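Next come the chains, spelled out residue by residue.
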Amino acid sequence: MEGRTAALFIIGLVIGIIIGFFAVHAAVKPAAPTTITKTVTVTSTVTGTVTKTETAAAPKPSKKIHVLVLFDVGGRGDLSFNDMAWLGAERAAKELGVDVSFATPRSTADMVPLLERLSKSGKYDLIVLIGFLWTSPVEKVAPKYPQQKYALIDSATRKPLPNVACYVFREQELAALVGVIAADMAHNLGGDKVGAVAGMDIPPLWRFHIGYLFGVKYYEKMTGNKTSVLWVYTGTFTDPAKGKEAAMALIRQGARVLYGLAGATHLGMFEAVKEVSEHGHLVLAIGEDASQEWIDPYHIPISGMKRVDNAVFRAIEDVVKGTFKGGIHSLGLKEGGLGLSTLKMVKWFAELAAKQGKLPKGLTPDKVVKIVEEMRKKYIDKEAWNLVHKLEQEIISGKIRFKTPMTHKEYDQIIAALKKGDLNAALVKPMQTS
Amino acid sequence: MKPVVEKLIGSLIGLAAALAAMALAFSLLGYNPAEAFRLLGEGIVENYDIMLLRVAPLILTSLAFAVPAFAGLFNIGGEGQAYVGALAALAVSYIAPNPVLCLLVGALAGGLLGYLAGVLRVKRGVHEVVSTIMLNWIAFYTVRYIVVNYFKNPYYPDTTNPVPPPGRLGQVAGVPVVVFIAIAACILCYLVLYRMPLGLAIRSTGAGYEAARRLGIDVEKAMILSMLLGGVFGGLAGAVIVIGETYNLDVALSSVYGVGFDGIGAALLAWNNPLAIPFSSLLLSALVAGGYQLQIGMGIDIHVLSIFTGVVVFVLGLPSLYELLKPKLQALRLAKARRRGGGA
């Protein structure tokens, strides 16, 4: 008996070492130094063009600045939200010479004590908090440590705090542009319905919904082509199977263009679109957060980009420059926080995918760009682009400013009015009729 | 007394083996193992409050696994029982914010789920591993559906409305009250198993089903009650999270997610001994709490740390898993021998 127990220990030990080694090897590899430098050099070349002026103006820090990034529950590896945040922090490490460390909480229960401990340590010049779930923990902890600076990405505290900089996106602006494009593509495919597969019923998604519906109705008003929007909340950001189901249901109801707003969930939407299209009923998809055309360029001609990386970079840069300011920082088309994917972005993300071995077989980054260019020419009219540019200009100049609903009721009211074609219901001040 | 000492020594050797495995893996990957262990230790000391938050639910889900294990059943349903318990406690707190009542209702809800699995096993022959795994998913999605659609907080739509303050349990001298409740549950569990007729029935059923039956023990009742009791502890695990720690649930249920499965590991580490479970649970909680320092200090990803926890459980728990399976293996061997004998 005892001999057997000892033998089992030894077997366990050996198996443990083997499993441990391979598992750790596989898991750590993507973050190994060589890969990081590669990724970062690419990042800086593309994003550098977007925020060129800022990076040039950044002074060299006199002492090493320490930044801590705390991810959402789930952490890296989602190929969109958390990974984009990581890209921003890595770019700051390289371009601004700051020290960056990372951690991912195991559950929401750990968030408050962890944040408390780290704030108390006083080791970090800035703690960057990624995602909505950090809102109430930072509201509890931040007032106790007025010396500690925080940046909250993609959410805002209910009361502005002097030591918490909240970076929120005006998603309506981006979704409005996407709405115009989606409506136009649907009509070019012979349909009059567009759809969206959304994640959870939370404020950022409300803003997407308002913008998308606004864009579609704006298109309807300008061109006279009647178009309706089918919107589905799947309740999850991590379930591709559910995304596929939802997409199938929308396609059956007649949607010809689907906008994915659900993280990993809408990867299933891409699958559904591909399957249906290959059976002869062409449906197109639009990606979100990162440029996702490379996943399936024949059916994803365009993406909306939410530049979480730029928000993280900006927050760190403000601390380096000494211009940190608490309160809400709102990022939109004007600030480079949002935008439709350009061909340059498409290429860069396709290159990134190719490097990680994720690009579908038979495709190269250049081929992806070529296909996307052709798809855009074929399914998006010049008039639609003109409408998009006009809308973009009006948003950037401040002529069009969207309302931000604070409660679900307010959101429901705006949607109901928009559905009836009342565009002004979504705006702070009415549009001038031209 | 001697077997206890033997097991303790065995566990210590196992712990040393697990640490050696970790050290080797660290150094093979180019991390300095000494530095890693220093950070781990530092993290445990600094994040002791995170460790204490994790330990109470973990103790309870360990019991949820351990009690049915004495009757020879594998309750994989601690996870689902915890979800149901958490939701029930939360719902009751809105109506009657009394912590004791909330915990009791949470425990009852988990118990019912365990009871269901027990009845299915005994009356219908549905294996409890299959039924509890299915029930885990049913519980997960049902609870999530209710949280998302009925209990949502309008100001923080990713969480439920909080437990009203009179329904909460706080801390005593920096230790959450629920930790004491969890330890009390261990002692209670020990008394039931070793000092009460029900415990004798459960243990006899697990030690030898056929023998117990022929001795006149109602083995079916013992199995069902062991699942019920396990479910009660599982439900209580969910309830203590809501009533004593987070005071709400998030729409992804991340504060409860995984606690049932971690509990299986903690129970195996403790050889299912209710009095050893607090220590094994503390060890696993310490690995998580200390792990934050490893993440920040050395850039090791959280998923890698979870793997290490798995390795520790695996290396330490292998002998006790074998002990658990031994009666079944013996029965199998016996049956085979009998068949051979019959054929001759």
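Predicted model only: the values in this text are computed from it and were never measured.

(A) Summary view of the overall build of chain B. When helices and strands are tallied, chain B shows 13 helices and two strands. Taking 344 residues into account, the globule formula puts the C-alpha radius of gyration at 20 Å, and chain B, at 21 Å, falls close to it. Overall size of chain B, expressed as C-alpha extent along the three principal axes, is 75 × 55 × 35 Å. For chain B, the proportion of its 344 residues judged to be buried stands at 54%. At a minimum sequence separation of 6, the contacts of chain B that also span at least 24 residues come to 80%.

(B) Seen up close, the overall build of chain A. Scanning chain A from terminus to terminus reveals 15 helices and 12 strands. Looking at chain A as a whole, 51% of its 434 residues are labelled buried. By sequence separation, contacts in chain A at least 24 residues apart represent 72% of the contacts at least 6 residues apart.

(C) Quick look at the interface of chain A and chain B. Opposite the 44 residues of chain A that make contact, chain B presents 48 residues. Elements supplying a minimum of two residues to the side of chain A that touches chain B: α1 (2–28), β2 (99–103), α5 (111–121) and α6 (135–141) of chain A. Examining the composition of the side of chain A that touches chain B, we find that 15 residues originate from one element, α1 of chain A, more than from any other. Each residue belonging to the side of chain A that touches chain B can be placed in one class, and the counts come to 23 nonpolar, 15 polar and six charged.

(D) Molecular detail of the packing of helix α3 (residues 48–70) of chain B against helix α11 (residues 259–269) of chain B. Residues and elements named next belong to chain B. Where α3 contacts α11, the two axes come as close as 7 Å, and the packing angle between them is 65 degrees. The chirality of how α3 crosses α11 is right-handed. Contacts between α3 and α11 pair P57, L58, T61, S62, A64, F65, A66 and A69 from the former with V259, G260, D262, G263, I264, A266 and A267 from the latter. Of the residues in the contact of α3 with α11, the class split is 10 nonpolar, four polar and one charged.

(E) Layout of the pairing of strand β10 (residues 302–306) of chain A. Residue and element names in this part refer to chain A. With five of its five residues buried, β10 lies for the most part within the structure. Covered by surrounding structure in β10 are I302, G304 and K306 together with S303 and M305, the residues of both alternating faces. Pairing geometry for strand β9 (residues 284–289) and β10, over four bridges, is parallel. Looking at β10, one finds that E288 is bridged to G304. Sheet topology places β10 next to strand β12 (residues 338–340); three bridges connect them, and they run antiparallel.

(F) Looking closely at the domain arrangement of chain A. Residues and elements named next belong to chain A. Assigned domains within chain A: domain 1 (52–169 + 309–331) and domain 2 (171–305 + 342–426). Relative to domain 2, the C-alpha centre of domain 1 lies at a distance of 29 Å. Facing the eight residues of domain 1 at the interface are seven residues of domain 2. The class makeup of the residues in the side of domain 1 that touches domain 2 is five nonpolar, one polar and two charged.

(G) The sheet that holds strand β6 (residues 193–198) of chain A, seen in detail. All names here are of chain A. Judged by pairing direction, the sheet is mixed, and its six strands sit side by side in the order β7-β6-β8-β9-β10-β12 without closing on themselves. At either margin of the open sheet sits one strand with a lone partner, and together these are β7 (228–233) and β12. Averaged over all pairs of adjacent strands, the angle between strand axes in this sheet comes to 15 degrees, irrespective of strand direction. Running at roughly 160 degrees to strand β8 (residues 257–261), helix α10 (residues 265–278) makes contact with β6, β8 and β9 of the sheet.

(H) Examining helix α8 (residues 203–223) of chain A more closely. All names here are of chain A. Over its 21 residues, α8 runs 30 Å from end to end, which matches the ideal 30 Å to within 8%, given 1.5 Å per residue. Across the 21 residues that make up α8, a large majority, 16, are buried. At the C-terminal side of α8, G224 shows a positive phi close to 80 degrees.

(I) Focus on the nonpolar core. Counting 253 residues, the largest nonpolar core has V128 and L258 of chain A together with V240 of chain B as its most contacted members. With 17 residues, the top contributor of residues to this core is helix α10 (residues 219–246) of chain B. Domain assignment of the residues forming this core places at least three in each of domain 1 (52–169 + 309–331) and domain 2 (171–305 + 342–426) of chain A. Aside from chain neighbours lying at most four places away, what touches V240 of chain B is A56, P57, L60, L103, V178, I181, A182 and E245 of chain B.

(J) Broad picture of the environment of I202 of chain A. Among the structural elements, I202 of chain A can be located in the loop between β6 and α8. A sequence separation of 167 residues divides I202 of chain A from V369 of chain A, and the C-alpha atoms of the two residues are 34 Å apart. Setting aside its immediate chain neighbours within four residues, I202 of chain A contacts F132 of chain A together with P157 and D158 of chain B.

(K) Spotlight on the confidence of the model for chain B. With 97% of its residues at a pLDDT of 70 or more, chain B shows a mean pLDDT of 88. Here the complex is predicted with pTM 0.74, and the ipTM for its interfaces comes to 0.76.

(L) Focus on the packing of α3 of chain B against helix α7 (residues 177–195) of chain B. Residues and elements named next belong to chain B. It is the contact of α3 with α7, at a shortest axis distance of 8 Å, that shows an interaxial angle of 15 degrees. Regarding the angle of α3 to α7, the classification is roughly parallel. Helix-helix and strand crossings are classified by hand; for α3 and α7 the assignment is left-handed. Mapping the contact onto sequence places L52, V55, A56, I59, L60, L63, V67 and F70 in α3 and V178, V179, A182, A185, C186, C189 and L193 in α7.

(M) Up close: the environment of P165 of chain B. Residues and elements named next belong to chain B. Secondary-structure assignment places P165 in the loop between α6 (128–150) and β1 (171–172). On the basis of neighbour count, P165 is assigned to the exposed category, with 9 C-beta atoms found within 10 Å. For the pair formed by P165 and I202, sequence separation is 37 residues and the distance between their alpha carbons is 40 Å.

(N) View of unusual backbone geometry. For D289 of chain A, which is not a glycine, the phi torsion comes out positive at approximately 80 degrees. Within the secondary structure, D289 of chain A is located in strand β9.

(O) Main features of the confidence of the model for chain A. Taken over all residues, the pLDDT of chain A has a mean of 84, while the share at 70 or more is 84%. Considering only residues more than four positions removed or in separate chains, one finds that residues 28–61 of chain A, a stretch of pLDDT under 50, has 44 contacts.

(P) Quick peek at the sheet that holds strand β4 (residues 150–153) of chain A. Residues and elements named next belong to chain A. Here six strands make up an open sheet; going across it, the order is β2-β1-β3-β4-β5-β11 and the pairing parallel. In the strand order of this sheet, the two ends are held by β2 and β11 (327–331), each with one partner. Each adjacent strand pair in this sheet contributes to an overall mean axis angle of 20 degrees, direction not counted. Direction of pairing for strand β3 (residues 126–130) relative to β4: parallel, over a ladder of four bridges. Bridged to I130 within β4 is I153.

(Q) Looking closely at the environment of P204 of chain A. All names here are of chain A. As for its position among the elements, P204 is in helix α8. Classification of P204 by C-beta neighbours within 10 Å gives partly exposed; the count is 18. In the structure, P204 is positioned 72 residues away from F132 in sequence and 9.3 Å away in space, judged by C-alpha atoms.

Rules used in this analysis
Residues numbered from 1 in each chain as written. Chains lettered and ligands numbered in written order. Predicted model: local features only at pLDDT ≥ 70, side-chain atom pairs only at ≥ 80, totals over all residues. Helix = DSSP H or I, 4+ residues; strand = E, 2+ residues; numbered from the N terminus. Rg over C-alpha atoms; globule rule 2.2 N^0.38 Å. Buried ≥ 20, exposed ≤ 12 C-beta atoms within 10 Å, placed from the backbone. Contact = placed C-beta atoms within 7 Å. Nonpolar A, V, L, I, M, F, W, Y, C, P; charged D, E, K, R; others polar. Axes fitted to C-alpha atoms, helices over the stretch in contact; angles between N-to-C directions. Left-handed = near helix turned anticlockwise from the far one by under 90°. Pairing = 2+ DSSP bridges. Domains from an automatic or database assignment. Expected span 1.5 Å × (residues − 1). Core = buried A, V, L, I, M, F, W, Y, C linked by C-beta atoms within 7 Å. pLDDT = per-residue confidence, 0-100. Parallel < 35°, antiparallel > 145°, perpendicular 65-115°, else oblique.

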